[in-house]
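# Coordinate inspection notes
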Amino acid sequence: MSAVLTPTAAPSRSTSPITIAPLGDVLGAEVIGLDLSHPLAADDFARIHRAHLDHHVLVFRDQHITPGQQVEFSRRFGPLQIHVLSQFALAGHPEILIISNIKEHGQPIGLGDAGHFWHSDLSYVEKPSLGSMLHAQELPAEGGDTLFANQHLAWDRLPEHLKTAVQGLRAEHTYLARYEELRARNPWRPALTQEQIDKVKPVVHPVVRTHPENGRKALFVSEHFTTRIVGLPEDESRDLLGQLFAHSTQPSLQYRHAWQPGDMVFWDNRSVTHLAAGTPEHLRRKLYRTTIEGSVPY
Ligand code: SIN
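Here goes a summary of the coordinates provided. (Residues numbered from 1 in each chain as written. Predicted model: local features only at pLDDT ≥ 70, side-chain atom pairs only at ≥ 80, totals over all residues. Heavy atoms only, no water.)

## Quick look at the sheet that holds strand 8 (residues 129-138)
Let me state the cut-off plainly: A pair of strands counts as paired when DSSP detects no fewer than two bridges linking them. Each helix is a run of DSSP H or I of at least 4 residues and each strand a run of E of at least 2, with the numbering of both proceeding from the N terminus. Contacts are assigned to residue pairs with any non-hydrogen atoms lying within 4.5 Å of each other. Lines fitted to C-alpha atoms define the axes, with helix axes restricted to the stretch in contact, and inter-axis angles between N-to-C directions lie between 0 and 180 degrees.
Taken in spatial order, the eight strands of this open sheet run 1-2-3-16-8-18-5-4, and their pairing is mixed. Every interior strand has two partners, whereas the edge strands, strand 1 (19-22) and strand 4 (89-90), have only one. In this sheet, strand 16 (residues 264-268) lies alongside strand 8 in antiparallel orientation, the contact comprising five bridges. Residue pairing for strand 16: serine 132 is matched across the bridge by tryptophan 267. Along the sheet, helix 1 (residues 42-55) contacts strand 1, strand 2 (29-32), strand 3 (57-60), strand 8 and strand 16; its crossing angle with strand 3, the most-contacted strand, is approximately 130 degrees.

## A short note on the site of the ligand
Operational definition: Throughout, the term near means that a residue has one or more heavy atoms lying within 4 Å of the molecule or strand in question. For the purposes of these results, a polar contact is taken to be a pair of N or O atoms within 3.5 Å, where, inside protein, one atom must be able to donate a hydrogen and its partner to accept one; residues adjacent in sequence count only when each atom of the pair is a side-chain atom. The accessible surface values rely on the Shrake-Rupley method and a 1.4 Å probe; as for residues, cover is taken only from the protein chains in view. Residue type decides the class: Asp, Glu, Lys and Arg count as charged, Ala, Val, Leu, Ile, Met, Phe, Trp, Tyr, Cys and Pro as nonpolar, and the leftover types, Gly among them, as polar.
Taken together, Ile99, Ala114, Gly115, His119, Asp121, Leu134, Thr146, Trp267, His274, Ala276, Arg285 and Arg289 form the complete shell of residues around the ligand. Histidine 274 places a side-chain nitrogen or oxygen 3.0 Å from an oxygen atom of the ligand. Here arginine 285 contributes a side-chain N or O atom positioned 2.8 Å from an oxygen atom of the ligand. Its free accessible area being 260 Å², the ligand has 100% of it covered by the protein chains. Looking at the shell around the ligand residue by residue, the classes come out as five nonpolar, four polar and three charged.

## Some details on unusual backbone geometry
A positive phi angle, near 50 degrees, is found at histidine 105, a position not held by glycine. In this structure, histidine 105 sits in the loop between strand 6 (103-104) and strand 7 (107-108). Within the chain, leucine 122 stands out as a residue other than glycine whose phi angle is a positive 55 degrees. Mapped onto the secondary structure, leucine 122 falls in the loop between strand 7 and strand 8.

## Concerning the nonpolar core
Going by this rule: We define the nonpolar core as a collection of buried residues of types Ala, Val, Leu, Ile, Met, Phe, Trp, Tyr and Cys that are connected through side-chain atoms lying within 4.5 Å of one another. Burial status follows relative accessibility: with a 1.4 Å probe on protein chains alone, a residue under 20% of its type maximum counts as buried, one over 50% as exposed, and anything between as partly exposed.
Core analysis: the biggest nonpolar cluster contains 27 residues, and Leu34, Leu36, Ile48, Phe60, Phe73 and Phe77 have the highest contact counts within it. Counting only elements with at least two residues in this core, the list comes to strand 2, helix 1, strand 3, helix 2 (67-75), strand 5 (93-100), strand 8, strand 16 and strand 18 (286-293). The element best represented in this core is helix 1, accounting for three residues. Counting 26 residues, the second largest nonpolar core, distinct from the first, contains Val59, Ile99, Ala114 and Tyr124.

## Re the sheet that holds strand 17 (residues 272-276)
Taken in spatial order, the three strands line up as 15-9-17 in an open sheet, and their pairing is antiparallel. Two strands lie at the open edges of the sheet, namely strand 15 (254-257) and strand 17, each paired on one side alone. Going across the sheet, the axis of each strand differs from the next one's by a mean of 20 degrees, ignoring polarity. Of the pairings in the sheet, the one linking strand 9 (residues 146-150) to strand 15 comprises four bridges and is antiparallel in character. When the bridges of strand 15 are listed, threonine 146 appears paired with histidine 257.

## Here's the deal with the packing of aromatic side chains
To be explicit about the condition: Only Phe, Tyr and Trp rings are paired, with Trp represented by its six-membered ring, and only when their centres lie within 6.5 Å; those with planes under 30 degrees apart are stacked, over 60 edge-to-face, the remainder tilted. A positively charged side chain is recorded as over a ring if its NZ (Lys) or CZ (Arg) lies within 6 Å of the ring centre. The angle to the ring normal must also be within 35 degrees.
Tallying each qualifying case throughout the model produces twelve aromatic pairs. Between the aromatic rings of tyrosine 124 and phenylalanine 225, the centroid separation amounts to 4.8 Å while the plane-to-plane angle is 65 degrees, which identifies the pairing as edge-to-face. One end of the pair, tyrosine 124, is in the loop between strand 7 and strand 8; the other, phenylalanine 225, is in the loop between strand 13 (217-219) and strand 14 (226-229), with 101 residues separating them in the sequence. Neither residue differs from the other here; tyrosine 124 and phenylalanine 225 are each classed as buried. Aromatic rings pair up to connect Phe45, Phe60, Phe73, Phe77 and Phe266 into one cluster. Taking the ring centre of phenylalanine 117 as reference, the NZ or CZ of arginine 178 above it sits at 3.8 Å.

Have a look at this one:
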């Protein structure tokens with residue numbers, strides 16, 4: 001555990017017992033009995049940290065927390081990352097990205113199509129995200145689910161010939177990979193300024209990474225941000241990535257989160273990829289996301 005995970009200025013002992021209830025065989029657990037509006041006691045923090053490594057997606061129901069409390073809880077796990085689309089940050093909280101399809105006075109208040117393709121958050125930077133927290137603010141009466149796919153299992157279940165083919169390979173990730181395609185579908189998406197483009201230069205990461213805390217291997221490519229495998233001819237790279245994308249997102253690897261009011265979901269971007277399943281256009285959806293910096297993948 002890195003030094004940054006050391007609890008700060010919080011009681012060392014829990015006052016109420018918490019339960020970690022798995023949400024299925026593939027990934028995910030519900031944390032019962034924890035109120036995130038209070039600073040986490042040291043032993044509760046240790047349990048949440050362990051559960052996050054074991055289950056990869058944690059669901060905390062019925063959390064009535066302020067944006068400041070979300071930021072504070074997120075910071076317990078590491079420094080926070082600021083999204084390149086800073087125009088969608090919550091006023092007064094640059095670390096919070098508004099994910100929303102709501103328009104006010106004809107203008108989007110947040111990133112409405114975040115997660116439209118499978119991805120791991122911020123895989124397009126040198127130090128991709130350790131994990132993300134998403135707190136429900138306003139939910140649609142139907143739709144709006146988030147899907148998660150277990151990338152440790154994706155690696156474990158990869159056919160032997162593909163394991164051999166991808167060992168040691170590296171792939172390019174870039175934020176720009178599908179930006180114009182998304183803009184063509186959703187014209188409200190802002191054109192990127194040169195300063196924003198300069199912040200998201202392509203990076204190269206291993207196709208198979210080792211989780212720095214649980215030690216397990218995971219596939220680390222995604223249809224949203226991975227553009228090519230370094231050193232392979234273009235057609236071979238496209239074919240191999242196509243096989244990996246299909247394998248790594250198959251339903252048998254997935255947990256589907258149906259949001260309830262007050263939900264806070266905390267996932268491990270080193271272990272899972274995720275996808276926003278979509279919201280009917282006439283229904284409003286708003287969530288606040290914080291993103292915790294991870295380490296350089298190896
Ligand atoms: C995301 O990709 O971070 C957003 C997921 C969602 O809106 O369900």
